[in-house]
Amino acid sequence: MRAAVETSQSKRLPLLSSMILFVMDFIACLLSFLPEVIQMHLSTFMIGGLFGLMLFPIMLMHGLLCACDALFPTVFPQFVYIYGGLAVLYIVTVLMMDKSAVIPPKLGVVRHHKETATWIEKRSASFWNTHFDYFPMKLTVDKETKLDKNQQYLFAVHPHGIHCVPLDMVMFPNSPFDQKFQIVREGKITGLVASIMFRIPVVRELFLNMGYVDASRKVAHKVLSNGRNITVCTGGEEESMRTVVGKDCVVLKKRKGFVRLAISHGAALVPVFGIGNNDLFQTYSFLIDFRMWLQKKTGIALPIFHGRFGTPLPYRREINVVIGDPIHIDPKHIPDQKGDKPSDDIVNLYHAKYIEALKTLHKKHGKGRPLVIY
């Protein structure tokens, strides 16, 4: 089947969201002309400081408005009023009204097709892809691992770490994973991310542009019903809080929703482990009990961490993203009506299989690192 072409996710985003993406693409395009060693440091710094990304387009807009106010003081309105108007417009048209995060794309929709992507989008993509060389990040595929193009998969990525960087391997166009399996470039995969990400300006637009949607159960079912594959970091905020350098901590014992989702649609479960992802930032256990309590009660994770030089720039430590052998669902265990809820006994059966497969994968590739499953 020939992939449908969608030149940009911004085609179905509100005007302000499209403008934000254009500004971010334009900034990344300019940065792509810097020496590659500087590019990979900058791209990794911006990804490491994910929630600070909103500052870049805001600073650019601030500078332009200040310049206009200085050059045309009697003609151009004061920028404070423009800020206020844009903020209200963004809250109403984007945060309150836009439903892009709960409308997954159809099978075969490609975000940035090589033949239709603009020159700025291509330069922007080349800039972001340099972060794979920073750590460096490599791909390891077990000899037994084969992905059938006619089979749906749910890629469960571990561990979350401070940032789930291994997700980039599965979601970025032209990543080593995409070059091997061609799932991203053919428009066959969608990422799930916490709802809160779609409430943060700029971060929201970037996640949508990378092909992510809301991680709610209803949306996840829509993704699989559309025939696409799913990737998700199953440990979420709690796993982020448990990040410790030199140790792989995975929150999995009570996380069965992704298994139930896969069984209900007959999607094979694929364990993905980013060996070394927990070593990218130095973390601290100060007030950890209180912070864990707060996370469980409110869903707000407050990890205490820093990277190189006390900044959000991660330490340069190798990440080995290992793709495990798919765990296929026995046809007799798939509900007659796809999407229906399987029995708890079947869910528990495949959940236990998944944990054992993850342990085996980690033991084979973890180089003696301790694995703790909560």
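Residues numbered from 1 in each chain as written. Predicted model: local features only at pLDDT ≥ 70, side-chain atom pairs only at ≥ 80, totals over all residues. Heavy atoms only, no water.

**Quick notes on the environment of Arg242**
Inspection of the secondary structure assignment puts Arg242 in the loop between α10 (236-241) and β8 (248-250). Classification of Arg242 as partly exposed rests on a relative accessible area of 22%. Distance from Arg242 to Gly161, taken between C-alpha atoms, is 7.9 Å for residues 81 residues apart in sequence. Ignoring sequence-local partners within four residues, the contact set of Arg242 consists of Cys249, Val251, Met292 and Tyr374. (Helix = DSSP H or I, 4+ residues; strand = E, 2+ residues; numbered from the N terminus. Buried < 20%, exposed > 50% of the residue type's maximum accessible area, 1.4 Å probe, protein only. Contact = heavy atoms within 4.5 Å.)

**Some remarks on the packing of helix α11 (residues 257-265) against helix α13 (residues 344-365)**
The contact between α11 and α13 brings their axes to 9 Å, and the two run at 110°. Compared by their axis directions, α11 and α13 come out roughly perpendicular. Relative to α13, α11 is oriented so that their crossing is right-handed. Of the residues in α13, those in contact with Phe258, Val259, Arg260 and Ile263 of α11 are Asp344, Ile346, Val347, Tyr350, His351 and Tyr354. Across the contact of α11 with α13, the residue classes tally to seven nonpolar, one polar and two charged. (Axes fitted to C-alpha atoms, helices over the stretch in contact; angles between N-to-C directions. Parallel < 35°, antiparallel > 145°, perpendicular 65-115°, else oblique. Left-handed = near helix turned anticlockwise from the far one by under 90°. Nonpolar A, V, L, I, M, F, W, Y, C, P; charged D, E, K, R; others polar.)

**Examining the sheet that holds strand β9 (residues 268-275)**
One open sheet accounts for seven strands, arranged β3-β12-β9-β4-β7-β5-β6; its pairing is mixed. A strand with exactly one partner marks an edge of an open sheet, and here the two such strands are β3 (137-141) and β6 (212-214). Neighbouring strand axes in the sheet, compared pairwise and without regard to direction, differ in orientation by 25° on average. Contacts between helix α9 (residues 217-225) and the sheet are confined to β5 (189-193), β6 and β7 (229-233), with β7 contributing the most and set at about 145° to the helix. (Pairing = 2+ DSSP bridges.)

**Notes on unusual backbone geometry**
Cis geometry is adopted by the peptide bond preceding Pro136, which originates at Phe135 and carries an omega value of 0°. Within the secondary structure, Pro136 sits in the loop between α5 (119-129) and β3. With an omega of -20°, the peptide bond running from His158 to Pro159 counts as cis. Here Pro159 shows up in the loop between β4 (153-158) and α6 (166-171). Phi at Phe309 is positive, roughly 60°, even though this residue is not glycine.

**Structural notes on the packing of aromatic side chains**
Evaluation of the coordinates by the stated rule reveals twelve aromatic pairs. On the numbers, 5.2 Å between centres and 65° between planes, the contact of Phe127 with Trp128 is edge-to-face. On the accessibility criterion, Trp128 (13% relative accessible area) is buried. Geometrically, the ring pair formed by Phe177 and Phe181 is tilted, given 5.2 Å between the ring centres and 55° between the ring planes. In this pair, Phe177 and Phe181 both sit in helix α7 (residues 176-181), four residues apart, roughly one turn of the helix. In terms of burial, Phe177 and Phe181 fall into one category: buried. Each member of the aromatic cluster is reached from another via a ring pair, and the members are Tyr153, Phe155, Phe177 and Phe181. Over the ring of Phe33 we find Arg123, and its NZ or CZ is 4.3 Å from the ring centre. (Phe/Tyr/Trp six-rings, centres within 6.5 Å; stacked < 30°, edge-to-face > 60°. Lys NZ or Arg CZ within 6 Å of the ring centre and 35° of its normal.)

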